[in-house]
Amino acid sequence: MRRLYAFWELIRPHQWIKNLFLFVPIFFAGDLFNTNKILLLLLGFLSFSISSSAIYVLNDFKDIESDKLHPLKQKRPLASGKIKKSFATFMMILLGIFGLLLAYLISNSFFFLLLAYLIINIFYSFGLKDVSIVDILIVAIGFVLRTIGGGLIADVYISHWLIIMIFLLSLFLVVAKRREDMLEFVSSGNAIRKSITNYNMDFINLTLTMLSGVIIVAYIMYTVSADVTSRLQSENLYMTSVFVIIGVLRYMQITLVENKSGSPVRILYKDTFIHITLTGWILSFFLIIYLK
């Protein structure tokens, strides 16, 4: 039973929530009730989740020594010795192959996109994560690829505004996550990741401030753009901006005041304020697009 739980920790299924970005294009396209497309997206979600788990295993494998220095990451299966390296390597290869095979069955275009995601993240694990700025850009690009993948599977139009917003939002979350790594580095002197030594708190705080403002402006421009309002047949999308503004402010509060931005996934699961804001945004957007 312990071995099974350790394996569950190794593949990190709680991180699969990130792959819900595959459903973003179909939601914004107003085609959410197309059953056939939703079923394909569910398969795409499974494919991306399995493949991303292979990358998580690879990252843990490469970060064993640094994880042993981290107060929380030292409990990970490989760093703690709960899982043997040989078993982790076997599962990593198996997950990667199965994820790609499932992607190929969905569509050729999605297969090549997922393959590109895996290649980029392999390079990330083998050195690019140690290069400052490049490390956060690659993580943000991963979310953009998820979004594009969802568009390819559902065969729906993806606005350039949507791509810009996804990139900015994911970049914002990654920088906020790096801030907690910086706090750990400042307090203990342990560089959890090599790239953190090329950042400082002023740079991170200023970057967060810049990105938060750009995200809000980009979203408002998206909601009032002629292309979007004509395609979705509504000029009321700007009303949803209030939830985006509140959500960004809350995340800035979590990051700068509470110093708890180390895990965006944990925040999404546990922060009630974020739950209410996200629910309000989804419901308001749903009402405007689907019940017009």
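Heads up: the structure comes first, above all this text.
Residues numbered from 1 in each chain as written. Predicted model: local features only at pLDDT ≥ 70, side-chain atom pairs only at ≥ 80, totals over all residues. Heavy atoms only, no water.

*Asks:* What am I meant to see in helix H6 (residues 85–106) here?
*Replies:* Residues spaced three or four apart along an α-helix face the same direction, because each turn holds 3.6 residues. Taking 1.5 Å of rise per residue, the 22 residues of H6 would be expected to cover 32 Å, and the 32 Å separating its terminal C-alpha atoms lies within 8% of that figure. Within the sequence span of H6, burial applies to Ala-88, Met-91, Leu-95, Gly-96, Gly-99, Leu-100, Leu-102, Ala-103 and Ile-106. Along the axis of H6, the buried positions cluster into a sector of 160 degrees, meaning they face one direction only. Exposed positions of H6 whose direction lies more than 90 degrees from the buried face are Ser-86, Phe-90, Ile-97 and Leu-105. (Helix = DSSP H or I, 4+ residues; strand = E, 2+ residues; numbered from the N terminus. Expected span 1.5 Å × (residues − 1). Buried < 20%, exposed > 50% of the residue type's maximum accessible area, 1.4 Å probe, protein only. Arc of directions from axis to C-beta.)

*Asks:* Would you mind going over helix H9 (residues 160–188) with me for this structure?
*Replies:* In this model H9 runs 42 Å from its N-terminal to its C-terminal C-alpha over 29 residues, within 8% of the 42 Å that 1.5 Å per residue would give. By the N-cap criterion, in which a side-chain oxygen at the helix start approaches the backbone nitrogen of a residue two or three places on, H9 is capped by Ser-159, the distance to Trp-161 being 3.1 Å. (Polar contact = N/O pair within 3.5 Å; in protein donor to acceptor, adjacent residues only side chain to side chain.)

*Asks:* Looking at this structure, I do not really get the pattern of salt bridges. What am I missing?
*Replies:* Oppositely charged side chains are able to pair whenever their charged atoms sit close together. What the rule picks out here adds up to 5 salt bridges. Close ionic contact of Arg-178 with Asp-135 constitutes a salt bridge, the shortest N to O distance being 3.0 Å. Of this pair, Arg-178 sits in helix H9 while Asp-135 sits in helix H8 (residues 134–154), placing them 43 residues apart in sequence. In this structure Arg-178 comes out as buried when scored by relative accessible area, which is 4%. Given a relative accessible area of 0%, Asp-135 falls into the buried group. As a salt-bridge pair, Glu-258 and Arg-250 come within 3.0 Å of each other at their nearest N and O atoms. Through salt bridges with shared partners, one network takes in Arg-250, Glu-258 and Asp-271. (Salt bridge = Lys/Arg side-chain N within 4 Å of Asp/Glu carboxyl O.)

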